[in-house]
Amino acid sequence: MTHVEEELTSQPECWIRAAARAPEHRAALPASGERVAIVGCGTSYFMAQAVAALREGSGQGETDAFAASEFPYGRSYDRVVALTRSGTTTEVLELLGELRGRTRTTAVTADPGTPVMQAADDVVVLDFADERSVVQTRFATTALTLLRAHLGLHTDAVVADARTALDAELPQGLVECSQFSFLGRGWTVGLANEAGLKMREASLAWTEAYPAMEYRHGPISITTHGTATWMFGEAPEGLAEQVRATGGLWVAGGLDPLAELVRAQRLAVAVAAARGLDPDRPRHLTRSVILAP
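Counting from 1, residues in each chain are numbered in the order their sequence is written. The model is predicted, so local features are restricted to residues of pLDDT at least 70 and side-chain atom pairs to those at 80 or more, both for listing and for counting; the totals for chains, interfaces and linings are taken over all residues. Side-chain measures were taken over the full set of non-hydrogen atoms in the model, leaving aside hydrogen atoms and water.

Undergrad: Is there a simple way to explain helix H6 (residues 138-150) in this structure?
TA: Because the α-helix completes a turn every 3.6 residues, residues three or four places apart line up on one side. Helix numbering and strand numbering both begin at the N terminus, where a helix is a DSSP run of H or I of at least 4 residues and a strand a DSSP run of E of at least 2. Under the convention used throughout, the expected extent of a helix is 1.5 Å for every residue step, that is, one less than its residue count. Between its first and last C-alpha, H6 extends 18 Å over 13 residues, near the 18 Å set by a 1.5 Å rise per residue. Across the 13 residues of H6, 13 count as buried, placing the element largely inside the fold. Positioned one or two residues after H6, Gly 152 has a phi angle of 80°, which is positive. Note on classification: 1.4 Å probe, protein chains only; a residue is buried when its accessible area is under 20% of the maximum for its type, exposed when over 50%, partly exposed between these limits.

Undergrad: Explanation requested: the sheet that holds strand E2 (residues 63-67) in the structure shown.
TA: One key point about sheets: their strands pair by backbone hydrogen bonds, in either a parallel or an antiparallel sense. On the basis of which strands lie adjacent, the open sheet formed by five strands has the order E2-E1-E3-E4-E5 and parallel pairing. Taken across any chain shown, the strands that pair with only one partner, and hence form the sheet edges, are E2 and strand E5 (122-125). Averaged over all pairs of adjacent strands, the angle between strand axes in this sheet comes to 20°, irrespective of strand direction. A pair of strands is labelled paired if DSSP reports no fewer than 2 bridges between them. Note that strand E3 (residues 79-84) and strand E4 (residues 104-109) share six bridges and pair parallel. Across the sheet, residue Leu 83 finds its bridge partner in E4, namely Val 108. Across the face of the sheet, helix H4 (residues 90-99) comes into contact with strand E1 (36-40), E3 and E4 while running at roughly 160° to E3. Fitting a line to C-alpha atoms yields each axis, with helices limited to the stretch in contact; the angle taken between N-to-C directions then spans 0 to 180 degrees. Only heavy atoms matter for contacts: two residues are in contact if any of them lie within 4.5 Å across the pair.

Undergrad: What's the story with the nonpolar core in this structure? I'm lost.
TA: Inside soluble globular proteins, nonpolar side chains tend to come together where they are buried. In these notes, a set of buried Ala, Val, Leu, Ile, Met, Phe, Trp, Tyr and Cys residues joined through side-chain atoms within 4.5 Å is what counts as a nonpolar core. Of all hydrophobic cores here, the largest spans 64 residues; its most connected members are Val 108, Leu 126, Leu 144, Phe 180, Phe 182, Leu 191 and Phe 232. Considering each element in turn, this core owes the most residues, nine residues, to helix H10 (residues 257-274). Sequence-distant contacts of Val 108, defined by excluding residues within four places in its chain, comprise Val 81, Ala 82, Leu 83, Thr 84, Val 124, Leu 126, Phe 139, Ala 143 and Leu 146. Val 80, Leu 95, Leu 96 and Leu 99 belong to the second largest nonpolar core, which has 16 residues in total.

Undergrad: Looking at this structure, I do not really get the environment of Arg 35. What am I missing?
TA: Among the secondary structure elements, Arg 35 is positioned in the loop between helix H2 (11-21) and E1. Distance in space between the C-alpha atoms of Arg 35 and Asp 64 is 8.5 Å, their sequence separation being 29 residues. We call two N or O atoms a polar contact when they sit within 3.5 Å, provided that within protein one can donate a hydrogen and the other can accept it, with sequence-adjacent residues counted only if both atoms are side-chain atoms. Among the polar contacts listed, one links the side chain of Arg 35 to the backbone oxygen of Ser 76, at a separation of 2.3 Å.

Undergrad: It is not clear to me how unusual backbone geometry should be interpreted in this structure. Could you clarify?
TA: Negative phi is the rule for most residues except glycine; trans is the rule for most peptide bonds. Even without glycine at this site, Leu 204 takes up a positive phi of about 55°. Looking at the secondary structure, you find Leu 204 in the loop between helix H8 (188-203) and strand E7 (206-211). Residue class for Leu 204 comes out partly exposed when judged on its relative accessible area of 35%.

Undergrad: Explanation requested: the packing of H8 against H10 in the structure shown.
TA: In a packed pair of helices, the relevant descriptors are the angle between the two axes and the axis-to-axis distance. In contact at an axis separation of 8 Å, H8 and H10 are set at 15° when each is read in the N-to-C sense. Between H8 and H10, the interaxial angle falls into the category roughly parallel. For the pair H8 and H10, the crossing hand works out as right-handed. Judged by residue contacts, Thr 188, Leu 191, Glu 194, Ala 195, Lys 198, Met 199, Ala 202 and Ser 203 of H8 engage Pro 257, Leu 258, Leu 261, Ala 264, Gln 265, Leu 267, Ala 268, Val 271 and Ala 272 from H10. When the residues that make up the contact of H8 with H10 are grouped by side-chain class, the tally is twelve nonpolar, three polar and two charged. Angle categories are assigned with fixed cut-offs, so that under 35 degrees is roughly parallel, over 145 is roughly antiparallel, 65 to 115 is roughly perpendicular, and the rest are oblique. Left-handed describes a crossing in which the near helix is turned anticlockwise from the far one by less than a right angle; the clockwise case is right-handed. Residues are grouped as follows: nonpolar covers Ala, Val, Leu, Ile, Met, Phe, Trp, Tyr, Cys and Pro; charged covers Asp, Glu, Lys and Arg; every other residue, Gly included, is treated as polar.

Undergrad: Would you mind going over the pairing of E7 with me for this structure?
TA: Walk down a regular strand and you will see the side chains alternate between the two sheet faces. Both strand E6 (residues 179-184) and E7 contribute to a ladder of six bridges, which runs parallel. Counterpart to Gln 179 in the pairing with E7 is Trp 206. Whether a crossover is right-handed depends on one test, that the path from the first strand over the helix to the second runs clockwise when the strands point away from the viewer. Handedness of the E6-H8-E7 crossover: right-handed.

Undergrad: Before we go on, may I ask you to explain the sheet that holds strand E9 (residues 249-251) in this structure?
TA: Taking strand neighbours across the sheet as the criterion, the four strands line up as E7-E6-E8-E9 in an open arrangement whose pairing is parallel. Strands with a single pairing partner mark the edges of an open sheet, and in this sheet they are E7 and E9. Within this sheet the neighbouring strands show an average axis-to-axis angle of 20°, counted without direction. In this structure, E6 lies alongside strand E8 (residues 227-231), joined through five bridges in parallel fashion. Looking across to E8, one finds that Leu 183 is bridged to Met 231. Its contacts with the sheet put H8 on E6 and E7, and the angle it makes with E6 is roughly 160°. Sheet strands touched by H10: E6, E8 and E9. Its angle to E8, the strand with the most contacts, is close to 155°.

Structure, rendered in C-alpha coordinates:
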(Lines give C-alpha, C1' and ligand atoms only; values in the text may rest on other atoms or scores of the structure.)
Protein backbone atom coordinates (compact mmCIF):
# COMPACT_ATOMS: atom_id res chain seq x y z
CA MET A 1 0.00 0.00 0.00
CA THR A 2 1.31 3.46 -0.91
CA HIS A 3 1.48 6.26 1.65
CA VAL A 4 -1.34 8.11 -0.06
CA GLU A 5 -3.59 5.03 0.06
CA GLU A 6 -2.89 4.52 3.75
CA GLU A 7 -3.51 8.17 4.51
CA LEU A 8 -6.71 8.56 2.54
CA THR A 9 -8.25 5.52 4.22
CA SER A 10 -7.69 7.08 7.67
CA GLN A 11 -9.87 10.10 6.93
CA PRO A 12 -13.04 9.10 8.83
CA GLU A 13 -11.07 8.78 12.07
CA CYS A 14 -9.23 12.05 11.43
CA TRP A 15 -12.51 13.85 10.84
CA ILE A 16 -13.94 12.56 14.11
CA ARG A 17 -10.91 13.89 16.01
CA ALA A 18 -10.97 17.25 14.26
CA ALA A 19 -14.68 17.80 14.89
CA ALA A 20 -14.25 16.92 18.55
CA ARG A 21 -11.42 19.44 18.90
CA ALA A 22 -13.21 22.33 17.19
CA PRO A 23 -14.61 23.81 20.45
CA GLU A 24 -11.16 24.07 22.06
CA HIS A 25 -9.92 26.09 19.07
CA ARG A 26 -12.87 28.49 18.99
CA ALA A 27 -10.82 31.52 20.02
CA ALA A 28 -8.28 30.92 17.22
CA LEU A 29 -10.92 30.54 14.50
CA PRO A 30 -13.13 33.24 12.93
CA ALA A 31 -15.98 34.51 15.06
CA SER A 32 -19.40 35.05 13.55
CA GLY A 33 -19.61 38.47 11.96
CA GLU A 34 -15.89 38.88 11.31
CA ARG A 35 -14.74 39.78 7.81
CA VAL A 36 -12.36 36.97 6.93
CA ALA A 37 -9.97 35.88 4.20
CA ILE A 38 -8.80 32.28 3.93
CA VAL A 39 -5.60 31.58 2.02
CA GLY A 40 -3.50 28.65 0.92
CA CYS A 41 -1.52 27.21 -1.96
CA GLY A 42 -2.48 24.29 -4.18
CA THR A 43 -4.79 21.92 -2.32
CA SER A 44 -5.03 24.32 0.62
CA TYR A 45 -6.27 27.07 -1.69
CA PHE A 46 -9.09 24.85 -2.93
CA MET A 47 -10.03 23.99 0.66
CA ALA A 48 -10.03 27.73 1.35
CA GLN A 49 -12.53 28.18 -1.50
CA ALA A 50 -14.82 25.58 0.06
CA VAL A 51 -14.62 27.04 3.57
CA ALA A 52 -15.18 30.59 2.36
CA ALA A 53 -18.34 29.60 0.50
CA LEU A 54 -19.60 27.57 3.47
CA ARG A 55 -19.01 30.38 5.96
CA GLU A 56 -20.51 33.16 3.89
CA GLY A 57 -23.36 30.96 2.69
CA SER A 58 -24.32 30.16 6.29
CA GLY A 59 -24.57 33.85 7.14
CA GLN A 60 -21.56 33.99 9.46
CA GLY A 61 -19.73 36.80 7.72
CA GLU A 62 -18.20 38.00 4.48
CA THR A 63 -15.47 35.54 3.55
CA ASP A 64 -13.01 35.52 0.65
CA ALA A 65 -10.53 32.90 -0.52
CA PHE A 66 -7.21 33.62 -2.20
CA ALA A 67 -4.09 31.86 -3.32
CA ALA A 68 -1.53 33.19 -0.85
CA SER A 69 0.47 34.75 -3.67
CA GLU A 70 -2.59 36.72 -4.85
CA PHE A 71 -3.71 38.23 -1.56
CA PRO A 72 -5.06 41.81 -2.00
CA TYR A 73 -3.18 43.80 0.61
CA GLY A 74 -5.36 46.84 0.02
CA ARG A 75 -8.41 45.13 1.52
CA SER A 76 -9.29 45.18 5.20
CA TYR A 77 -10.05 41.97 7.10
CA ASP A 78 -10.68 41.18 10.75
CA ARG A 79 -8.79 37.90 10.42
CA VAL A 80 -6.82 35.98 7.81
CA VAL A 81 -6.72 32.19 8.11
CA ALA A 82 -3.85 30.35 6.39
CA LEU A 83 -4.11 26.64 5.62
CA THR A 84 -0.65 25.09 5.34
CA ARG A 85 0.10 21.42 5.87
CA SER A 86 3.88 21.82 5.95
CA GLY A 87 4.10 25.19 7.68
CA THR A 88 7.01 26.05 5.38
CA THR A 89 5.42 27.28 2.14
CA THR A 90 7.15 30.47 1.06
CA GLU A 91 4.10 32.39 -0.15
CA VAL A 92 2.17 31.68 3.06
CA LEU A 93 5.03 32.71 5.34
CA GLU A 94 5.63 35.89 3.37
CA LEU A 95 1.94 36.79 3.59
CA LEU A 96 1.82 36.19 7.35
CA GLY A 97 4.93 38.32 7.75
CA GLU A 98 3.37 41.18 5.81
CA LEU A 99 0.21 41.04 7.91
CA ARG A 100 1.90 40.88 11.33
CA GLY A 101 0.78 43.80 13.47
CA ARG A 102 -1.87 44.81 10.91
CA THR A 103 -4.36 41.94 10.77
CA ARG A 104 -5.02 39.05 13.15
CA THR A 105 -3.84 35.79 11.58
CA THR A 106 -4.48 32.11 12.23
CA ALA A 107 -2.56 29.19 10.74
CA VAL A 108 -3.95 25.66 10.52
CA THR A 109 -1.02 23.30 10.06
CA ALA A 110 0.10 19.70 10.54
CA ASP A 111 3.65 20.29 11.76
CA PRO A 112 4.37 22.15 15.03
CA GLY A 113 8.10 22.26 14.30
CA THR A 114 7.94 24.72 11.41
CA PRO A 115 8.25 28.52 10.94
CA VAL A 116 4.49 29.06 10.73
CA MET A 117 4.28 28.56 14.49
CA GLN A 118 5.97 31.93 14.99
CA ALA A 119 4.61 33.61 11.86
CA ALA A 120 0.91 33.52 12.81
CA ASP A 121 -0.82 35.10 15.80
CA ASP A 122 -2.84 31.94 16.49
CA VAL A 123 -2.08 28.38 15.42
CA VAL A 124 -4.16 25.21 15.24
CA VAL A 125 -2.06 22.05 14.92
CA LEU A 126 -3.62 18.93 13.38
CA ASP A 127 -0.53 16.74 13.73
CA PHE A 128 -2.59 13.55 13.75
CA ALA A 129 -3.52 14.33 10.12
CA ASP A 130 0.04 14.92 8.87
CA GLU A 131 1.15 12.94 5.83
CA ARG A 132 4.22 11.33 4.31
CA SER A 133 2.89 11.50 0.77
CA VAL A 134 3.50 14.58 -1.36
CA VAL A 135 -0.11 14.27 -2.56
CA GLN A 136 -2.40 15.73 0.10
CA THR A 137 -5.50 13.86 1.17
CA ARG A 138 -6.29 13.62 4.88
CA PHE A 139 -4.78 16.91 6.08
CA ALA A 140 -6.80 18.92 3.59
CA THR A 141 -10.11 17.25 4.39
CA THR A 142 -9.41 17.24 8.13
CA ALA A 143 -8.69 20.98 8.12
CA LEU A 144 -11.94 21.51 6.21
CA THR A 145 -13.78 19.32 8.73
CA LEU A 146 -12.38 21.35 11.63
CA LEU A 147 -13.66 24.56 10.08
CA ARG A 148 -16.94 22.96 9.03
CA ALA A 149 -17.48 21.83 12.64
CA HIS A 150 -16.55 25.29 13.89
CA LEU A 151 -19.31 26.67 11.66
CA GLY A 152 -21.79 24.14 13.05
CA LEU A 153 -22.06 22.39 9.68
CA HIS A 154 -20.48 19.00 10.43
CA THR A 155 -22.54 15.92 11.28
CA ASP A 156 -21.86 12.26 11.98
CA ALA A 157 -23.46 11.47 8.62
CA VAL A 158 -20.41 12.96 6.89
CA VAL A 159 -18.16 10.37 8.56
CA ALA A 160 -20.57 7.56 7.69
CA ASP A 161 -20.55 8.67 4.05
CA ALA A 162 -16.74 8.76 4.07
CA ARG A 163 -16.69 5.12 5.17
CA THR A 164 -19.09 4.29 2.36
CA ALA A 165 -16.82 6.12 -0.08
CA LEU A 166 -13.91 3.94 1.03
CA ASP A 167 -15.84 0.66 0.85
CA ALA A 168 -17.96 1.01 -2.30
CA GLU A 169 -16.71 0.03 -5.73
CA LEU A 170 -15.90 2.83 -8.13
CA PRO A 171 -18.34 3.11 -11.08
CA GLN A 172 -17.65 0.59 -13.82
CA GLY A 173 -15.55 1.97 -16.66
CA LEU A 174 -14.45 5.07 -14.74
CA VAL A 175 -10.78 4.13 -14.35
CA GLU A 176 -10.50 3.53 -18.10
CA CYS A 177 -11.72 7.01 -19.05
CA SER A 178 -9.31 9.30 -20.86
CA GLN A 179 -10.59 12.62 -19.47
CA PHE A 180 -12.35 13.70 -16.28
CA SER A 181 -14.42 16.81 -15.54
CA PHE A 182 -15.42 17.65 -11.96
CA LEU A 183 -18.34 19.97 -11.25
CA GLY A 184 -19.53 21.76 -8.13
CA ARG A 185 -21.92 24.40 -6.88
CA GLY A 186 -21.30 26.83 -4.05
CA TRP A 187 -18.84 25.35 -1.57
CA THR A 188 -18.37 22.22 -3.67
CA VAL A 189 -16.69 24.16 -6.48
CA GLY A 190 -13.56 24.11 -4.31
CA LEU A 191 -13.93 20.35 -3.87
CA ALA A 192 -14.29 19.89 -7.63
CA ASN A 193 -11.12 21.92 -8.16
CA GLU A 194 -9.32 19.74 -5.62
CA ALA A 195 -10.55 16.51 -7.23
CA GLY A 196 -9.10 17.65 -10.54
CA LEU A 197 -5.80 18.52 -8.88
CA LYS A 198 -5.60 15.10 -7.21
CA MET A 199 -6.03 13.39 -10.56
CA ARG A 200 -3.35 15.52 -12.20
CA GLU A 201 -0.87 15.06 -9.36
CA ALA A 202 -1.26 11.35 -8.74
CA SER A 203 -2.09 9.96 -12.18
CA LEU A 204 -1.10 12.64 -14.72
CA ALA A 205 -4.70 12.56 -15.93
CA TRP A 206 -6.37 15.14 -18.15
CA THR A 207 -8.83 16.76 -15.75
CA GLU A 208 -10.82 19.96 -15.57
CA ALA A 209 -13.14 21.50 -12.97
CA TYR A 210 -15.96 24.02 -13.27
CA PRO A 211 -18.98 25.48 -11.50
CA ALA A 212 -21.73 23.16 -12.68
CA MET A 213 -23.81 25.83 -14.39
CA GLU A 214 -20.76 26.85 -16.43
CA TYR A 215 -20.38 23.39 -17.96
CA ARG A 216 -22.92 24.09 -20.69
CA HIS A 217 -21.01 27.26 -21.64
CA GLY A 218 -18.32 25.49 -23.66
CA PRO A 219 -16.71 22.69 -21.61
CA ILE A 220 -19.42 20.15 -22.45
CA SER A 221 -18.04 20.17 -26.00
CA ILE A 222 -15.19 17.87 -24.96
CA THR A 223 -17.58 15.30 -23.45
CA THR A 224 -17.85 12.09 -25.46
CA HIS A 225 -17.39 8.33 -25.24
CA GLY A 226 -14.49 7.63 -22.89
CA THR A 227 -14.81 10.82 -20.82
CA ALA A 228 -16.35 11.21 -17.36
CA THR A 229 -18.24 14.08 -15.72
CA TRP A 230 -18.47 13.88 -11.93
CA MET A 231 -20.89 16.05 -9.95
CA PHE A 232 -20.16 17.11 -6.36
CA GLY A 233 -23.53 17.74 -4.75
CA GLU A 234 -26.88 18.29 -6.42
CA ALA A 235 -26.71 18.67 -10.20
CA PRO A 236 -28.48 21.43 -12.13
CA GLU A 237 -31.71 20.24 -13.68
CA GLY A 238 -31.20 18.45 -16.99
CA LEU A 239 -27.40 18.42 -16.92
CA ALA A 240 -27.03 14.70 -16.29
CA GLU A 241 -29.25 13.93 -19.30
CA GLN A 242 -27.27 16.30 -21.50
CA VAL A 243 -23.97 14.68 -20.52
CA ARG A 244 -25.32 11.18 -21.11
CA ALA A 245 -26.57 12.27 -24.53
CA THR A 246 -22.97 12.98 -25.55
CA GLY A 247 -21.97 9.39 -24.79
CA GLY A 248 -19.94 10.48 -21.78
CA LEU A 249 -20.06 8.79 -18.37
CA TRP A 250 -22.06 10.74 -15.76
CA VAL A 251 -21.08 10.19 -12.11
CA ALA A 252 -23.70 11.46 -9.66
CA GLY A 253 -22.46 12.57 -6.27
CA GLY A 254 -24.88 10.80 -3.96
CA LEU A 255 -22.75 11.10 -0.81
CA ASP A 256 -21.84 14.16 1.23
CA PRO A 257 -19.60 16.18 -1.11
CA LEU A 258 -16.57 15.81 1.18
CA ALA A 259 -17.03 12.05 1.06
CA GLU A 260 -17.28 12.31 -2.73
CA LEU A 261 -13.82 13.87 -2.64
CA VAL A 262 -12.59 10.72 -0.89
CA ARG A 263 -13.98 8.70 -3.79
CA ALA A 264 -12.14 10.97 -6.22
CA GLN A 265 -8.92 10.45 -4.25
CA ARG A 266 -9.40 6.71 -4.63
CA LEU A 267 -9.94 7.19 -8.35
CA ALA A 268 -6.66 9.09 -8.63
CA VAL A 269 -4.79 6.21 -6.99
CA ALA A 270 -6.58 3.63 -9.16
CA VAL A 271 -5.79 5.47 -12.38
CA ALA A 272 -2.16 5.85 -11.28
CA ALA A 273 -1.96 2.10 -10.70
CA ALA A 274 -3.54 1.37 -14.08
CA ARG A 275 -0.92 3.57 -15.74
CA GLY A 276 2.02 2.12 -13.82
CA LEU A 277 2.65 5.32 -11.83
CA ASP A 278 3.65 5.76 -8.19
CA PRO A 279 1.20 8.26 -6.64
CA ASP A 280 3.63 8.92 -3.77
CA ARG A 281 6.16 10.36 -6.22
CA PRO A 282 4.29 12.80 -8.47
CA ARG A 283 6.30 14.27 -11.29
CA HIS A 284 8.09 17.59 -10.57
CA LEU A 285 6.42 18.00 -7.14
CA THR A 286 7.67 18.23 -3.56
CA ARG A 287 5.86 18.22 -0.23
CA SER A 288 6.28 21.98 0.14
CA VAL A 289 7.26 24.77 -2.24
CA ILE A 290 10.13 26.62 -0.62
CA LEU A 291 11.52 29.36 -2.86
CA ALA A 292 15.11 30.52 -2.66
CA PRO A 293 15.62 34.15 -1.55
